[in-house]
Amino acid sequence: MPSVVPARNGPSYVLNQIIISPPDTDYLDQLIPSIREYSVGNRTPQLLQSLAKFANDKEAEIETICNTNHQEFVTSVNQLLRIREGTVSLTAEILDLNQSIQASTERLAEQKKALVESRSHRQNIDETSRAIQDCLEVLRLANQVHDLLAKKNHYAALRAIEELQNVHLKGVTQYKIAEMIQRSVPATQKAIAEAVMSDLNTWLYRIREMSQYLGEIALYHTDLRKSRQKERAQKIPYLGNFKLNSAIELVSDEDEEYDLLQNDELQVDFTPLFECLHIHQSLGHMDKFRLEYANTRRRQKELLIPSSITLIDEDGAGLHNLLEEIVGFAIVERSTMKRVPELRSPVDVFHPLLFVGELWDSMCQTAVSLISKALYEVDNAESLLKIKNLIALFMQTMNTWEFPVGVFDGFLLTLFEKYAELLKKRFSDDFQEIVSTDDYMPMPIQSLEEYEKVLNVSWYSPEKPQEEQVFPCVLPFSQMYPLCCIDIRNFLNQFYFFANDDFSHPNVIDDTLKDALDELLSNKVCDTLVERLASQYLGQIVQILINLEHFELACRELESLLAAARSQNSAGGSIALRATEKFRTNKKAAEKRIFEVVNSKIDDLIETAEYDWMAPVPPTEPSNYMQTLTRFLSNIMNSTLLGLPTEIKELIYFDALSHAANMILAQPLSSDVKKINPNGVMALAKDVEYLTEFVDSLGVPILRENLDELQQTVQLMQADNTDEFYDISTRNKKYGRVDALNGPVLLEKLTRTVQSPMKTDKFSTLSSRFGKKS
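Residues numbered from 1 in each chain as written. Predicted model: local features only at pLDDT ≥ 70, side-chain atom pairs only at ≥ 80, totals over all residues. Heavy atoms only, no water.

Applied cut-off: UniProt positions are given in the numbering used here, feature names are shortened, and annotations may be inferred rather than shown by experiment.
The name given to the chain in an unreviewed UniProt entry is Exocyst complex component SEC15, and the organism recorded there is Aspergillus glaucus CBS 516.65. Taken from UniProt, the Function (unreviewed entry) comment for the chain reads in full: "Component of the exocyst complex involved in the docking of exocytic vesicles with fusion sites on the plasma membrane." Under Sequence similarities (unreviewed entry), UniProt gives the following word-for-word description of the chain: "Belongs to the SEC15 family."

Spelled out as structure tokens, the structure:
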């Protein structure tokens, strides 16, 4: 059987511990835990009982021992008594200690109970405090959202709402405040969206207000770029081959880069747009935002386009404002698209490279329509040129931002058509006035300076070198020619003012200019000159012929000039003006008219001839009409016809002398003349001789041929043997230029002055025979 080991908490174990405890006083300290354990468990009587039993056992043991060893027993008894006394004392102390421990334990129990209760209350308080703190934090964040909203920190307010929803409200879901705040979140989000849209609308309004200024700056800097490009082209002519916005021009001008949206004069801050866009993205309202933004910009676009404009206001303010508004609006749209590509679909604005969208196309169409309606007011070519230059500057500015400007490019053709019409009308009136008010006299020049001016403006190559020219002098053409040349040059310049590097239809200008020049020169110059050919004043007709000659030369020069100035894209080959041929043709008409006037004058003079064909005495001097005729021919040769080219002058003289000879010869051939005596023949011969001497004095041998028939006819009438005329061989030698029909008629009139019937009959017979033979 295994030994029974007393339990650590049994009375036997406690007694054993007391017995084996050292005699020192510290054993009580070791027994206190066991005693306290019994005291706490109300097992003190058991312990005392165990102690009493232990004492009785020990007494019995002692008595047994004493019976054996009395003395020792007595001694032991004494010791035992002392021990017992000590035990009693110890017991009393134990009881006191037990009571003390019990009282202390009760107080401790009460304190522990109070502590437990205190800890429970404190836990409740802590939990309540934490709940209050969480709720206060939620409430603080909710209030902070409204504070941020009031301070216009919209994105921070939205982030605060998201943090409130996703973090803080999850910790207080068991409280009613969470439900209340959760219900207020949509309203707060809506308030943020409305607030940020309000700020965006304010921003859009400011953008709308600054659009015109932005457009003005953009046009101004494009104009500066054009000036810089022109200066570079003057220094390096090769650069003149490159237009504005070409790659070479952009590289050459890169040192002058200028940010239109961020500069000393203007700053466009896109922060409100970014914030509004980001907030609506966060709220998942992008589709609604895109639609609202597009509608707002569309309304603003409609507001910036007026219902009508005028093109005749001072400095073109109406057109300036319209184009500047469009430029500013479009640049903002382009910049917005670049910064926020997802804001709007490309069809709403434009594809960056391919096509323009609704807004731009709509603005272009509306602007062109407004300008077209107002064009009727413009009646001045210079004003129209300013309009064109402004539109061209607008187009170049828009090309810089990659906007297609085909609508305006097509509209420039309309502008050019009106410009051409205005120029034609103005210069038509100028030409009409110049031609109608000309004095049709050779142009006098008083000084070298005046001479050089005429040479510079007109197409005229003088026969003498400038160094040999003596002043004052007279130029062959009248004053109208250099004046018309000045107008022609101005007309060309005015046309080419329109055809600079910003007009993409040079072929149209070339063709229109050619047609316009043809029309002006043909209808307003040539036709007017031809109308004045009806004048009876020979000097005026001669001057018209000279002017026609010089205008023909000017037209040839113009053809070369137009071919040289023609666009490289035009078809090659020479240019022919219809006016050139018209001037050439009407030169012939002018020559013919000179012939008519000269011959008419000759007719008038010869009609004054008063030949007495049956004069009783021979004449002593030429007839008055012959002297007047030669004086007239001399005067027109030395004055009126002096400015004509030599060949024309000789031709006129040749025709005039031929006509004069025929008219003189017609005098004796007249049916009114029945008889001619020798004295009458002598009068005619003296006049013919006088005329022959005059022609010889002119020094033009060919003119003498015109008088051959007249001279031979007079010789025939003075011949002693007139029968030689009827001998063909003799007649061809002596009277070859005499008309075969006129000769017999004159001889018949001459022979009738002889009172011999036989001779008359013989002459009649020969005449009839000769006539039949002829």
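1. A look at unusual backbone geometry
Worth spelling out the cut-off: Numbering of helices and strands runs from the N terminus, with a helix taken as a DSSP run of H or I at least four residues long and a strand as a DSSP run of E at least two residues long. Burial status follows relative accessibility: with a 1.4 Å probe on protein chains alone, a residue under 20% of its type maximum counts as buried, one over 50% as exposed, and anything between as partly exposed.
Between F471 and the following residue, P472, the backbone shows a cis peptide bond with an omega angle of 0°. Along the chain, P472 falls in the loop between α14 (448–457) and β2 (473–475). A positive phi is found at E402, a non-glycine position, where the angle reads about 65°. For E402, the position within the fold is in the loop between α12 (381–400) and α13 (406–436). Phi angles above zero are rare outside glycine, and Y440 is one such case at about 50°. Structurally, the position occupied by Y440 is in the loop between α13 and β1 (443–445). For Y440, a relative accessible area of 3% gives the class buried.

2. Comments concerning the packing of α14 against helix α15 (residues 480–498)
For clarity, the cut-off: Helix axes are fitted to C-alpha atoms over the stretch in contact, other axes to C-alpha atoms as well, and angles between N-to-C directions run from 0 to 180 degrees. For classification purposes, angles smaller than 35 degrees are called roughly parallel, those larger than 145 roughly antiparallel, those between 65 and 115 roughly perpendicular, and all remaining angles oblique. Helix crossings get a hand from a simple test, with the near helix turned counterclockwise from the far one by less than a right angle marking a left-handed crossing and a clockwise turn marking a right-handed one. Contacts: residue pairs with any heavy atoms within 4.5 Å of one another. Residue polarity is assigned by list, with Asp, Glu, Lys and Arg as charged and Ala, Val, Leu, Ile, Met, Phe, Trp, Tyr, Cys and Pro as nonpolar; anything else, Gly included, falls into the polar class.
Axis separation between α14 and α15 bottoms out at 9 Å; the angle between their running directions is 50°. By the angle between their directions, the pair α14 and α15 is classed as oblique. For the pair α14 and α15, the sense of crossing is left-handed. Residue-level contacts link V454, N456 and V457 of α14 to P482, C485, I486 and R489 of α15. Within the contact of α14 with α15, the residues separate by chemical class into five nonpolar, one polar and one charged.

3. Topic: the confidence of the model for the chain
Inclusion rule: Note on scores: pLDDT gives the predictor's confidence for each residue, bounded by 0 and 100.
When pLDDT is averaged across the chain, the result is 78; 82% of the residues are at 70 or more. In this model residues 1–5 is a low-confidence stretch, pLDDT under 50, and it forms zero contacts with partners more than four residues away in sequence or in other chains. Counting contacts from residues 349–356, a segment whose pLDDT is below 50, to residues more than four positions away or on other chains yields 18 contacts.

4. Details of the nonpolar core
Here is the rule we go by: By nonpolar core is meant a set of buried Ala, Val, Leu, Ile, Met, Phe, Trp, Tyr and Cys residues that side-chain atoms within 4.5 Å join together.
By size, the foremost hydrophobic cluster in this structure holds 177 residues, and its most contacted members are W360, I391, F394, I594 and L633. The element that contributes the greatest number of residues to this core is helix α6 (residues 176–235), accounting for 14 residues. Core analysis: the second largest hydrophobic core is formed by six residues, F725, Y726, Y735 and L747 among them.

5. Here we look at the packing of aromatic side chains
To be explicit about the condition: What counts as a ring pair is set by centres within 6.5 Å for rings of Phe, Tyr and Trp (its six-membered ring), and what kind of pair is set by the plane angle: stacked under 30 degrees, edge-to-face over 60, tilted for all other angles. Comment: the charge-over-ring label is applied if NZ (Lys) or CZ (Arg) is within 6 Å of the ring centre and within 35 degrees of the ring normal.
Scanning all chains against the criterion turns up 16 aromatic pairs. With centroids separated by 5.4 Å and ring planes inclined at 10°, the aromatic side chains of F551 and F583 adopt a geometry described as stacked. Of the two residues, F551 is situated in helix α17 (residues 538–565) and F583 in helix α18 (residues 578–607); the sequence distance between them amounts to 32 residues. Note on F551: relative accessible area 1%, which makes it buried. Among the aromatic residues, those joined into a ring-pair cluster are Y460, F477, Y481, F551 and F583. Over the face of the ring belonging to F403 we find R334, whose NZ or CZ atom lies 5.3 Å from the ring centre. Between the NZ or CZ atom of R731 and the centre of the ring of F725, over which it lies, the distance is 5.4 Å.

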